[in-house]
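Each chain is listed here by its residues.
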Amino acid sequence: MEQALHKNLSVEDKQRALFKILSKVCHELFDGTQKRLASCLHIDASTVSRWYKDGLCKLNPDNRGNDYQVIIHLLAIYRSLASIFANPADRKAWFQSANLHLRGESPESLLESGIDGLLLVRQYLDFVRGQGA
Amino acid sequence: MPEIVWRVYTPTNLQYAADTLSADEFDFLESEINRSKTSRSVGTWDMWIKSPFDFPLPVAANYSARFLPSGFHRNAFYSALSPPTSVFETAYHHLQMRKASRAEFSFRWEERRIFSVGFDAHDAADLRQDPEVRRLMDGKDYSASQHWARDHPDVPSILYPSARDPQERTCVCIYEISRLDKKSLSHETIAYAMQGDSIFVRSDRDDLPWSVSFPEEA
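Residues numbered from 1 in each chain as written. Chains lettered and ligands numbered in written order. Predicted model: local features only at pLDDT ≥ 70, side-chain atom pairs only at ≥ 80, totals over all residues.

Looking only at helices and strands, chain B features five helices and nine strands. Scanning chain B from its N terminus toward the C terminus, one meets helices and strands in the order β-α-α-β-α-β-β-α-α-β-β-β-β-β. In terms of overall dimensions, chain B is globule-like: its C-alpha atoms have a radius of gyration of 18 Å, near the 17 Å expected for 218 residues. Overall size of chain B, expressed as C-alpha extent along the three principal axes, is 60 × 40 × 35 Å. Taking all 218 residues of chain B together, 36% fall into the buried category. Looking at chain B alone, contacts between residues at least 24 apart form 69% of all its contacts between residues at least 6 apart. (Helix = DSSP H or I, 4+ residues; strand = E, 2+ residues; numbered from the N terminus. Rg over C-alpha atoms; globule rule 2.2 N^0.38 Å. Buried ≥ 20, exposed ≤ 12 C-beta atoms within 10 Å, placed from the backbone. Contact = placed C-beta atoms within 7 Å.)

Here you go:
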């Protein structure tokens, strides 16, 4: 069920919101490099370049297709990193560095490797956040 | 017998997009992220109580734990009978998560929450006096404890000594959410900061350690 606060957003409003947060993620985790962002999203670099030109992430939020889902997973990863690390520089360092808990690979390279890598990183961060006693 | 258990968790940082999105845009994004989670929706417990029960099952090999073997059919709520034990346990995992990365991290306070909740321990398996307890609480090798869990697939909860608390106070692994009250009793903010093999602890409580070290785990 849609929540009241965003129910009046148009498709374009939602596309603009997605672009705004995606460009923040690109700036923080990918050093602002659109090509690396596109590579991790498995979306053509020219498409991402067009989003930057338009200021809109031109996917239909109501259809929730594969490309859209991949973006949401990346944003969930970013949200977890922002919860775990207060310092944005630490988020980027973790994202770009090899990790013994993740097959010795960096989270960024796992995202580049495909949707399984993307889901692995998302689930790992969910797990880490839930580890407790 | 009613008990109180304590648990530390990492809260969602709801400020992550505050400089970027309006309130309704943020609400849209949160709704999309939450919709994309594989949630088992275990009922009307407070979110921080029920979230450990929401992980996909069976337990994936990467996410096995002391009493959660790979392929296990249950999730678990790990907690402790005292706040310091909960801090020792979670500080250990905080350190391990950072040490697994090759990155160099800054010294920065990271916000955490500690809460307490009522727990029905009347049918808990109490391993604290078990002759095998040393093997069950091994600091690194979980094979004995995971074997025990497989051999006792219906036990609702387990009491066992902490491997991270120097005083070996009691940890509680709870498989059955019905043994937990639906509402937490208390909820406080604390913070961890890592430096080398140590975790510093910031809190208004006077019963928590101010620093925790695990040099042998480095």
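This part covers the pairing of strand β2 (residues 77–80) of chain B. Residue and element names in this part refer to chain B. Residues F77 and S79 line one face of β2 and the alternating positions Y78 and A80 line the opposite face, and both faces are buried. Sheet analysis places β2 next to strand β6 (residues 170–174), joined by four bridges and oriented antiparallel. Looking across to β6, one finds that Y78 is bridged to C173. (Pairing = 2+ DSSP bridges.)

So, on to the interface of chain A and chain B. At the junction of the two partners, chain A supplies 39 residues and chain B supplies 46 residues. A total of ten residues in the side of chain A that touches chain B trace back to one element, the largest contributor, which is helix α4 (residues 66–84) of chain A. The residue makeup of the side of chain A that touches chain B, split by class, is 21 nonpolar, twelve polar and six charged. (Nonpolar A, V, L, I, M, F, W, Y, C, P; charged D, E, K, R; others polar.)

In this structure, the amide linkage connecting B:L57 to the following residue, B:P58, adopts the cis form with an omega of 0°. Within the secondary structure, B:P58 sits in the loop between α2 (47–50) and β2. Even without a glycine there, the phi angle at A:D31 is positive, about 55°. Residue class for A:D31 comes out exposed when judged on the 11 C-beta atoms lying within 10 Å of it. Located in the positive-phi region is B:E168, a residue other than glycine, with phi close to 55°. Positionally, B:E168 belongs in the loop between β5 (157–161) and β6.

A few words on the pairing of β5(B). All names here are of chain B. Pairing of strand β4 (residues 125–126) with β5, which is carried by two bridges, proceeds in the parallel orientation. Across the sheet, A125 pairs through a bridge with I158, a residue of β5. Alignment of β5 against β6, held across five bridges, turns out to be antiparallel. Bridging across to β6, S157 finds its partner in I174.

Moving on, we come to helix α1 (residues 11–29) of chain A. Taking 1.5 Å per residue as the helical rise, α1(A) with its 19 residues ought to reach 27 Å, and the 27 Å between its terminal C-alpha atoms agrees with that figure. The inward-facing, buried residues of α1(A) contact α2 (34–41), α4 and α5 (88–96) of chain A together with α1 (23–35) of chain B. Looking at the residues trailing α1(A), positive phi occurs at A:D31, about 55°. (Expected span 1.5 Å × (residues − 1).)

Residues and elements named next belong to chain A. Between α1 and α4, the shortest axis-to-axis distance is 11 Å and the interhelical angle comes to 55°. As the angle between them shows, α1 and α4 are arranged oblique. In this structure, the crossing between α1 and α4 has a hand that is left-handed. Contact residues: L18, I21, L22, V25 and L29 in α1; I71, L74, L75 and Y78 in α4. (Axes fitted to C-alpha atoms, helices over the stretch in contact; angles between N-to-C directions. Parallel < 35°, antiparallel > 145°, perpendicular 65-115°, else oblique. Left-handed = near helix turned anticlockwise from the far one by under 90°.)

In this structure, B:I33 sits in helix α1. Under the C-beta neighbour-count criterion, B:I33 is labelled partly exposed, with 19 such atoms within 10 Å. Placed 22 residues apart in sequence, B:I33 and B:P11 show a C-alpha to C-alpha distance of 15 Å. Dropping the residues within four chain positions of it, B:I33 is found in contact with A:I72, A:L75, A:A76 and A:R79.

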